[in-house]
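Coordinate analysis (summary)
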Amino acid sequence: MEIQLNKLKEKILSDLEKVTDSSAWRDLEIKYLGRKGELTKILRSVADLGEAEKKNIGKLANNIKTEIVAKFAAVKNIILEKSVNQSFIDATLPGQEIDRGHLHPITQVQNELEDLFTSMGFMVIGGPELESDYYNFEALNIPKYHPARDMQDTFYIDQKNKAGEYDLVMRCHTSPVQIRAMQKYGAPLRCIAPGRAFRSEATDACHDHTFYQLEGLMIDKDISIANLIAIIKELLNGIFKKEIEIRIRPGYFPFVEPGIELDIKCTICNGKKCPACKNSGWLELLPAGLVHPNVLKAGGIDSKKYSGFAFGLGLTRLAMMKYGINDIRLFNSGDLRFLEQF
Ligand code: DAH
């Protein structure tokens with residue numbers, strides 16, 4: 001039996017030498033140490049030996065078992081270490097970058113303008129996009145049936161009020177916020193109101209049904225066109241980061257008197273005439289004027305004591321000029337190939 005035990009021990013050790021993976025290791029464990037394993041069987045048969053033999057053989061058998069179990073454990077460790085090394089993860093490698101979103105180009109320009117105007121003491125305010133006929137037109141000195149209503153193709157909402165009139169519109173400009181601001185804050189007042197406006201346009205590269213404007217309003221004692229020009233020059237230098245030449249022409253808007261159109265020298269050809277400025281050398285940027293007394297009155301402000309200027313900056317247009325974008329429809333397209341460039 002002693003010989004048998006030693007032979008088995010040699011066999012087990014030499015088998016273990018050849019094991020390289022954990023499933024082969026497990027097979028061997030079952031074969032020799034399992035419940036019906038070869039070594040287990042011999043150990044069990046020690047019980048049937050005579051007293052003297054039991055003592056000697058039992059001791060030897062136990063020693064062999066201890067040695068074999070330790071060897072099994074050692075081999076398992078080697079196998080485990082090897083497999084960990086094979087699936088090694090290098091934690092120092094740079095990870096996969098997660099795409100981040102960013103602000104829309106119009107929001108970026110809007111934020112820049114808000115910073116500029118707040119630095120000059122203007123408040124930033126908002127107003128509803130779904131407006132009443134009163135705020136969108138009437139309070140701005142555009143009575144019902146006045147031909148000036150045709151200047152904008154307005155979206156009317158198909159819903160009558162108690163008096164049986166269609167009195168809701170998608171605001172066609174940000175000017176109604178002027179009235180709301182005057183009613184809420186009174187004079188003196190400095191505010192800007194950036195936001196969306198809507199028109200029933202046949203869309204093309206220069207027209208869209210949804211676009212951004214930035215309304216400006218300043219009311220105080222003795223406000224004149226000179227104040228307006230000073231503020232606008234400050235704004236243009238801030239946006240274009242260089243001295244911009246301007247030109248002023250008369251313009252008609254019912255809510256201002258006098259009304260002006262302010263053009264800037266074409267930023268693309270620098271006044272040398274190109275397709276972007278329709279070969280005129282100038283770009284129409286900003287309609288403005290001194291607030292009409294009727295509008296001050298609608299806002300609850302005494303036109304004998306106060307005067308003011310207002311302007312309606314085309315924010316979408318300004319973003320097009322700043323970045324050289326030639327199709328307005330790209331802004332609302334949601335096309336990432338366009339948006340990712342900003
Ligand atoms: N609301 C006008 C429009 O969208 C633009 C405008 C003109 C606004 C003159 C003004 C202004 O505040 O004074 O056509």
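Computed from a predicted model, the values in this text were never measured in an experiment.

This part is about a positive patch on the surface. Where like charges cluster on the molecular surface, the positive patch consists of R35, K36, K41 and R44. Mapped onto the fold, R35 is located in the loop between α2 (22-33) and α3 (38-45).

Attention now goes to the nonpolar core. Residues L113, F117, I264 and F311 are the most contacted members of the largest nonpolar core, which totals 44 residues. Within the residue set of this core, elements represented by two or more residues are α5 (105-119), β6 (210-220), α8 (225-240), β8 (256-265), β9 (282-291), β10 (307-314), α10 (315-323) and α11 (336-339). Take this core: its biggest share by element is 7 residues, from α8. Non-local contacts of I264, meaning those with residues more than four positions away in its chain, are made with L236, F240, I244, E245, I246, G281, W282, L283, L285 and M321. One finds F137, I179, C191 and L296 within the second-largest nonpolar core, a separate group that totals 27 residues.

This next bit is on α8. Spanning 16 residues, α8 covers 22 Å between terminal C-alpha atoms, matching the ideal 22 Å at 1.5 Å per step. Those residues of α8 not exposed but buried are L228, I231, I232, L235, L236, I239 and F240. In an axial view of α8, the angular spread of the buried residues amounts to 145°, which keeps them on one side of the axis. Those residues of α8 hidden inside the fold are in contact with α5, β7 (246-250), β8, β9, β10 and α10. A positive phi of about 55° marks K241, the residue just after α8.

Quick look at the environment of G238 now. Tracing the backbone shows G238 in helix α8. Taking the C-alpha atoms as reference, G238 lies 90 Å from T40; in sequence the two are 198 residues apart. When residues no more than four places from it in sequence are discounted, the contact partners of G238 are E112 and L116.

On to the site of the ligand, then. Inspection of the region around the ligand gives 16 residues, with H173, S175, R199, Q213 and E215 positioned closest. The side chain of Q178 places a nitrogen or oxygen atom 3.1 Å from an oxygen atom of the ligand. Within the side chain of E215, a nitrogen or oxygen atom sits 2.6 Å from an oxygen atom of the ligand. In isolation the ligand offers 360 Å² of accessible surface; the protein chains occlude 95% of this area. Because more than half of its atoms lie within 2 Å of the grid, the ligand is assigned to the largest pocket.

This part is about the sheet that holds strand β4 (residues 168-170). One open sheet accounts for 3 strands, arranged β2-β4-β3; its pairing is antiparallel. The open sheet has two edge strands with one neighbour each: β2 (130-132) and β3 (155-156). For β2 and β4, the ladder comprises 3 bridges, and the chain directions are antiparallel. Looking at the pairing, S132 lines up with L168 of β4.

Turning our attention to the layout of surface pockets. In this structure, the largest pocket spans a volume of roughly 1,400 Å³. Looking at the lining of the largest pocket, the elements with two or more residues in it are β6, β7, β8, β9, β10 and α10. Top contributing element to the lining of the largest pocket by residue count: β9, with 8 residues. Residues that form the lining of the largest pocket fall into these classes: 25 nonpolar, 13 polar and 12 charged.

A word on the pattern of salt bridges. Applying the stated rule across the entire model yields 21 salt bridges. Between E17 and K71 there is a salt bridge, and its shortest N-O distance comes to 3.8 Å. Linking E17 in helix α1 (residues 2-18) with K71 in helix α4 (residues 51-86), this pair joins segments that are 54 residues apart in sequence. E17 gets classed as exposed once you look at its relative accessible area, which sits at 59%. You can call K71 partly exposed: its relative accessible area is 30%. Note that D327 is salt-bridged to R329, the shortest N-O span being 3.0 Å. Overall, R329 belongs to the partly exposed group, its relative accessible area being 36%. Among the ionic contacts, a cluster of salt bridges with common partners joins D133, E138, K144 and R149.

Rules behind the numbers
- Residues numbered from 1 in each chain as written.
- Predicted model: local features only at pLDDT ≥ 70, side-chain atom pairs only at ≥ 80, totals over all residues.
- Heavy atoms only, no water.
- Patch = residues over 30% accessible without salt bridge, like charges linked within 9 Å, V, L, I, M, F, W, Y side chains within 5 Å.
- Areas by Shrake-Rupley, 256 points an atom, 1.4 Å probe, with all protein chains shown as cover.
- Salt bridge = Lys/Arg side-chain N within 4 Å of Asp/Glu carboxyl O.
- Lys, Arg positive; Asp, Glu negative; His and termini not counted.
- Charge placed at Lys NZ, Arg CZ, Asp CG, Glu CD.
- Helix = DSSP H or I, 4+ residues; strand = E, 2+ residues; numbered from the N terminus.
- Core = buried A, V, L, I, M, F, W, Y, C linked by side-chain atoms within 4.5 Å.
- Buried < 20%, exposed > 50% of the residue type's maximum accessible area, 1.4 Å probe, protein only.
- Contact = heavy atoms within 4.5 Å.
- Expected span 1.5 Å × (residues − 1).
- Arc of directions from axis to C-beta.
- Near = heavy atom within 4 Å.
- Polar contact = N/O pair within 3.5 Å; in protein donor to acceptor, adjacent residues only side chain to side chain.
- 1 Å grid on protein atoms, 1.4 Å probe; cavity = no way out; pocket = protein on both sides within 12 Å on 5 of 7 lines; lining within 4 Å.
- Sits in = over half its atoms within 2 Å of the grid points.
- Pairing = 2+ DSSP bridges.
- Points joined across faces, edges and corners; volume = space filled by probe spheres on them.
- Nonpolar A, V, L, I, M, F, W, Y, C, P; charged D, E, K, R; others polar.

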